[in-house]
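This is what each chain is made of:
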Amino acid sequence: MLAVQRGRVSLAIVMTLAASGLPVLAPIPVKLVIDGILEGHRHGWPMPHLPKMELIALLALASAVLATLSAVSSAIQKQISARISERMTMDLRLICLDRLMLLTPLCRAADRSGELGLRLVDDVQQVARLFTRTGPVILNYGLIFLFTLIAMLLINPWLGLIATLTIVMLGLMVRFAARPLNATSGAKRRQEGKVAGAAQEILRSLSFIQASGAERDVRIQFANLNRASLAAGVAESWAAVRLERTMQIARGLVAALILGGGGLLAVQGHLSAGSLTITVIYLNQMLRPLEKINDLASAVTGATSRAARLTELLDRHERLDRSGTFKTERARGLITLASPEFAYEAGRAFHFDDITLPARAFISIEGPSGAGKSTLLALLTRLFDPVRGVIRLDEHDYQDWDLASLRAQFAISPQAPPLMSGTVRSWLTMGGVTADDTGLWKALKAVSLAETLLARGGLDAALGEAGAGFSGGEQARLALARALAADRPILLLDEPFANVDPASAGVMLEALAREKGRRTIVIVTHQPLPEHFADVRLRMEAGRLSQLEARAVKVSA
């Protein structure tokens, strides 16, 4: 991700070097004023023979120029780093989303959607900030320390040696003192994830909670989660305070040691007044990071804990193999089940007999709830892979298909259509649906929604979150309209009539009747279909799929 921005990264490094080196040069005019002008010791310094007032003005101007250059280089570095950070955040979020979309539903089920959202948005942002903002700050402080240490060694080796030893000791102290902060920070992030997940569930189910009178129970559960988050936050704050207290005490001791040693050398004539002054200035520069140690430690530990959460998520192995290379623009729609089996971790297992679903046939699947009908549809769209047996499309094993090409053969109308906020047009064309406005209106007319949408603003009518503003029947018909507009060779419908009124169900059934013989249609439904409506009737019961009836398929042009 940083490689594609190598130009900006290189410029940011150059600006960081400038912003780190210039502050080391800035105190030199102070030493020249004290030693070369006030004390009169000009030997060894390239100072022009000018009157004292002109020399002071010249050195003051040099100090102003150095301060200005330092501020400008620091501002440029921050601006570039901000650009790099935003681009890295965007790229990393897209990478994480791509990885998430490779995980099977069972793998994602281990986390609440709110927690996954927190990882995708907040965790990614904090990790990006670690590399593009916190990292450059640490690098800046490290370079200032290095350049300042070199300057102190040149001024007086003994002071430089004392400073080196004390800074090393401070580094060891920070390393050990930051461990509790790291642990408490990780605990705090985990609790935040639980709170975010619960909040999303509550907001999504708010109408049900209100109608059920469950506000008190939900409030208690949410309060308990927040109390745990509160405790974790207090523990994190206390660990940060202890670290800050330790560093402040250590800084005072180091300042006293350098001041005492420098004063002794000055009294003995081994150090000039200007050198002692500039040494104190350098000491403040070296110890400046200690003022930010609490914020830096919190940022680093928080980002590393988030990075660990992201790594755990992205390293999960329950992904589908995308190694297949077979592609086609449009399959015939012949599906073959060669004794595929699938089992959930909870112990539920499903076995599907050797069954062929003819191309362009209308196939109905009957059976009680929990029998495995929806699992079969998930296997057909390759959300899961069977543990044994194979599934073929047009006589090609699913494993041989390119995953994107395979799924492009299916148009889906789920039981609870996940309508996303946006417009009707954006929903209908989601997933590579290439139909133009004429095709979209044709699909809407087929499900008797054209007049309704015209009254609401047409294809640009707004869709609220979860289809707010549309009734359950309208949402189901919108989902079917999208599947019809996709015009793909296989149409999968999961309980399309479950939450619709009889009138809507009749409209949808008429639309499906017009699709018979044009493509393979697989419908899971509890509602009885008209007699001889289906070409193939299957029954799913007790985890086993069997064929009840098969009739000749009438293919339409």
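Going by the structure above, here's the rest.
Now for a description of the structure that goes with this document. (Residues numbered from 1 in each chain as written. Predicted model: local features only at pLDDT ≥ 70, side-chain atom pairs only at ≥ 80, totals over all residues. Heavy atoms only, no water.)

## A closer look at the pattern of salt bridges
The tally for this structure, following the rule as stated, stands at twelve salt bridges. The salt bridge involving Arg-388 is made with Glu-341; its shortest N-O contact spans 3.1 Å. Here Arg-388 is found in strand β5 (residues 388-393), whereas its partner Glu-341 is found in strand β1 (residues 335-343), with 47 residues between them in sequence. Taking the relative accessible area as the measure of exposure, Arg-388 reaches 53% and is therefore exposed. In this structure Glu-341 comes out as partly exposed when scored by relative accessible area, which is 22%. Residue Arg-425 pairs with Asp-460 through a salt bridge whose shortest N-O separation is 3.2 Å. Within this pair, whereas Arg-425 is found in helix α13 (residues 424-428), its partner Asp-460 is found in the loop between α15 (450-456) and β9 (462-463), the two being separated by 35 residues in sequence. (Salt bridge = Lys/Arg side-chain N within 4 Å of Asp/Glu carboxyl O. Helix = DSSP H or I, 4+ residues; strand = E, 2+ residues; numbered from the N terminus. Buried < 20%, exposed > 50% of the residue type's maximum accessible area, 1.4 Å probe, protein only.)

## With respect to the nonpolar core
Residues Val-424, Leu-428 and Leu-478 are the most contacted members of the largest nonpolar core, which totals 40 residues. For this core, the elements supplying multiple residues, two or more each, are α13, α14 (437-446), α16 (472-486), β10 (490-494), α17 (502-515) and β11 (520-524). The leading source of residues in this core is α16, at nine residues. Once you skip the residues sitting within four places of it in the chain, Leu-478 turns out to touch Leu-419, Val-424, Trp-427, Leu-428, Leu-444, Leu-449, Leu-453, Leu-463 and Phe-470. Of all hydrophobic cores here, the second largest spans 34 residues; its members include Tyr-344, Phe-352, Phe-384 and Leu-393. (Core = buried A, V, L, I, M, F, W, Y, C linked by side-chain atoms within 4.5 Å. Contact = heavy atoms within 4.5 Å.)

## Here's the deal with the packing of aromatic side chains
All chains considered together, the criterion is met by three aromatic pairs. With a centroid separation of 4.8 Å and 85 degrees between ring planes, the pair formed by Phe-326 and Trp-401 is classed as edge-to-face. With Phe-326 in the loop between α10 (293-314) and β1 and Trp-401 in the loop between β6 (396-397) and α12 (403-407), the pair connects residues that are 75 residues apart, well separated along the chain. The ring of Phe-533 is capped by Lys-516, whose NZ or CZ atom sits 4.7 Å from the centre of that ring. (Phe/Tyr/Trp six-rings, centres within 6.5 Å; stacked < 30°, edge-to-face > 60°. Lys NZ or Arg CZ within 6 Å of the ring centre and 35° of its normal.)

## Comments concerning the pairing of strand β12 (residues 536-541)
Side-chain alternation along β12 places Val-536, Leu-538 and Met-540 on a buried face and Arg-537, Arg-539 and Glu-541 on a face that remains uncovered. Strand direction decides the pairing type here: strand β4 (residues 362-366) and β12, joined by four bridges, are parallel. Paired with Ile-363 across the bridge in β12 is Val-536. Inspection of the sheet shows β12 paired to strand β13 (residues 544-550) by six bridges, in the antiparallel sense. For Leu-538, the partnering residue across the bridge sits in β13 and is Gln-547. The antiparallel hairpin formed by β12 and β13 contains two residues in its connecting segment, where Ala-542 sits at a positive phi of about 55 degrees. (Pairing = 2+ DSSP bridges.)

## So, the packing of α16 against α17
As a packed pair, α16 and α17 sit with axes 10 Å apart at the nearest point and diverge in direction by 10 degrees. Regarding the angle of α16 to α17, the classification is roughly parallel. Of the residues in α17, those touching α16 at Gly-473, Ala-476, Arg-477, Leu-480 and Leu-484 are Ser-504, Val-507, Met-508, Ala-511, Leu-512 and Glu-515. Its residues placed into classes, the contact of α16 with α17 shows seven nonpolar, two polar and two charged. (Axes fitted to C-alpha atoms, helices over the stretch in contact; angles between N-to-C directions. Parallel < 35°, antiparallel > 145°, perpendicular 65-115°, else oblique. Nonpolar A, V, L, I, M, F, W, Y, C, P; charged D, E, K, R; others polar.)

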